[in-house]
Amino acid sequence: MERTENEGPPLVEVEGMWFFKTFETNRPMKEQIDYIRGLDLRDDDVLICAFAKSGTHWTWEVVSMLMAGKVEYRKQAKETVMLEAVELEGVESLPSPRVLNTHLPVNMLPRQVKDKKGRIIFVYRNPKDIVVSFYFHVSQAPGCSTLTLQEVEETFSTERPPFGTFFKYMKEWDAFIKENPDLPIFKASYEDMKEDPVGSVRELSEFLGVNAPPELCAAIADACGFQKLKHAAEKMKEISPHFSRPDNPPVKLFRRGEVGDWKNHLTVAQSERLEAAINEQLDGCDFNFRYTL
């Protein structure tokens, strides 16, 4: 099922979830999801899972450096190994170890994750900062110049597509983690990583079984600091390939990366509406949302 809003890029729906149609590559999105579910995983795969604008790229760079054992930025964009947005034949041909990433809900992941194949790193971020970051990201896309922060916040809080899938996404991940205690899953908080980057890199290295001495952990944390990572991406002209078009300015992936930037943009009413939705929708879930440091 497809739909085109009066403003904004066209969307395609799969099992109640809406994707930007520009994510489609060599097959329709429904076929892409089916292919992903049947994807063969390897024992040394690392799959980074997160809702959009939650720190996926940051974590992906950190993990890639840990797996390589050296401080060197990836030469390809994160999106080249983003399961829902690439030709999966290319992913299948990658050498091991593969560091993959996705924003997909847990029920659309490869079935073999339940066979303890590979490791999963689940990253989450406080939803107020996600809303603001998501707004600034999507508003760069063709046809979205008139999009307002209020529109993004309202659809986010009320679970209306295409932005309103966060609470369902988080509830399903919380249930999956609790129902599968033996699976190798590392749950990382964006805010905790910002507060103690070196300690977070060390914890990730231990989870991955990588022998990373303290000086390497410190060097990776420094190289993956927001400003350095942003500069590296700009130097490589790394942009969002799914929103950018030749006749439009490139959609940049990095903006501020701060904890608490929501205070500069959300009204009191918007903040309270989000808090009410969080308390209602995620009651009983094991997420420690932090809104300031």
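Heads up: the structure comes first, above all this text.
Reading the values: rules and limits
Residues numbered from 1 in each chain as written. Predicted model: local features only at pLDDT ≥ 70, side-chain atom pairs only at ≥ 80, totals over all residues. Heavy atoms only, no water. Pairing = 2+ DSSP bridges. Helix = DSSP H or I, 4+ residues; strand = E, 2+ residues; numbered from the N terminus. Axes fitted to C-alpha atoms, helices over the stretch in contact; angles between N-to-C directions. Contact = heavy atoms within 4.5 Å. Buried < 20%, exposed > 50% of the residue type's maximum accessible area, 1.4 Å probe, protein only. Expected span 1.5 Å × (residues − 1). 1 Å grid on protein atoms, 1.4 Å probe; cavity = no way out; pocket = protein on both sides within 12 Å on 5 of 7 lines; lining within 4 Å. Points joined across faces, edges and corners; volume = space filled by probe spheres on them. Phe/Tyr/Trp six-rings, centres within 6.5 Å; stacked < 30°, edge-to-face > 60°. Parallel < 35°, antiparallel > 145°, perpendicular 65-115°, else oblique. Left-handed = near helix turned anticlockwise from the far one by under 90°. Nonpolar A, V, L, I, M, F, W, Y, C, P; charged D, E, K, R; others polar. Polar contact = N/O pair within 3.5 Å; in protein donor to acceptor, adjacent residues only side chain to side chain.

Visitor: I would appreciate a short explanation of the sheet that holds strand 6 (residues 119-124) in the present structure.
Guide: One key point about sheets: their strands pair by backbone hydrogen bonds, in either a parallel or an antiparallel sense. Spatial strand order, 5-4-6-7: four strands in an open sheet with parallel pairing. Unpaired on one side and paired on the other, strand 5 (99-102) and strand 7 (185-189) mark the two borders of the sheet. Strand-to-strand twist in this sheet, taken as the mean axis angle between neighbours without regard to direction, amounts to 20°. Note that strand 4 (residues 46-50) and strand 6 share five bridges and pair parallel. Residue pairing across strands places Ile48 opposite Ile121, the latter belonging to strand 6. Most of the contacts of helix 2 (residues 56-68) go to strand 4, to which it runs at about 165°, and overall it touches strand 4, strand 5 and strand 6.

Visitor: Explain the pairing of strand 3 (residues 17-20) here, please?
Guide: Neither face of strand 3 is open: one carries Met17 and Phe19, the other Trp18 and Phe20, and all of them are buried. As judged from the four bridges shared by strand 2 (residues 11-14) and strand 3, these two strands associate in the antiparallel manner. Within strand 3, the residue paired with Val12 across the bridge is Phe19. The loop that links strand 2 with its antiparallel partner strand 3 comprises two residues; one of these, Glu15, has a positive phi angle of about 55°.

Visitor: Mind showing me how you'd approach helix 8 (residues 197-208) here?
Guide: Side chains of residues three or four places apart in an α-helix project in the same direction, reflecting 3.6 residues per turn. Helix length check: helix 8 (twelve residues) gives 16 Å between terminal C-alpha atoms against 16 Å at 1.5 Å per residue, within 8%. Next to the buried residues of helix 8 lie strand 4, helix 2, strand 6, strand 7, helix 7 (190-195) and helix 9 (214-223). Backbone geometry just downstream of helix 8 places Gly209 in the positive-phi region, at approximately 75°.

Visitor: Looking at this model, I keep getting lost on empty space enclosed by the protein. Mind explaining?
Guide: The final tally for this structure, using the stated rule, is one cavity of 30 Å³ or more. Space inside the largest cavity adds up to approximately 40 Å³.

Visitor: What is the right way to read the packing of aromatic side chains from this model?
Guide: Given two aromatic rings, their pairing is described by the distance between the two centres and the angle made by the two planes. Considering all chains together, one arrives at 19 aromatic pairs under this definition. For the ring pair Phe51 and Phe156, a centre distance of 6.2 Å and an interplane angle of 85° mean the geometry is edge-to-face. Here Phe156 lies in helix 5 (residues 149-158) and Phe51 lies in the loop between strand 4 and helix 2, a separation of 105 residues in the sequence. The exposure class assigned to Phe51 is buried, which follows from its relative accessible area of 8%. Taking the relative accessible area as the measure of exposure, Phe156 reaches 2% and is therefore buried. Each ring, one from Trp262 and one from Tyr291, has its centre 6.3 Å from the other, and the planes form 85°; the classification is edge-to-face. Residue Trp262 is located in the loop between helix 10 (226-235) and helix 11 (268-281), and its partner Tyr291 is located in the segment after helix 11; the two are separated by 29 residues in the primary sequence. Like Tyr291, Trp262 is buried.

Visitor: What's the story with the packing of helix 4 (residues 127-138) against helix 11 in this structure? I'm lost.
Guide: For any two helices packed against each other, the geometry comes down to the angle between their axes and how far apart the axes lie. Contact geometry of helix 4 with helix 11 gives a least axis separation of 10 Å together with a crossing angle of 125°. Classified by the angle between their axes, helix 4 and helix 11 sit oblique to one another. Between helix 4 and helix 11 lies a crossing of right-handed hand. Packed against helix 4, whose contacting residues are Pro127, Lys128 and Val131, the element helix 11 presents Ser271, Leu274, Glu275 and Ile278 at the interface. Here the contact of helix 4 with helix 11 is built from residues that sort into four nonpolar, one polar and two charged.

Visitor: Looking at this model, I keep getting lost on the environment of Gln112. Mind explaining?
Guide: Secondary-structure assignment places Gln112 in the loop between strand 5 and strand 6. Spatially, the C-alpha atom of Gln112 lies 8.1 Å from that of Arg37, the residues being 75 residues apart in sequence. Among all residues touching Gln112, those that are not within four sequence positions of it are Leu39, Asp40, Leu41 and Lys117. A polar contact is formed between the side chain of Gln112 and the side chain of Asp40, at a distance of 3.1 Å.

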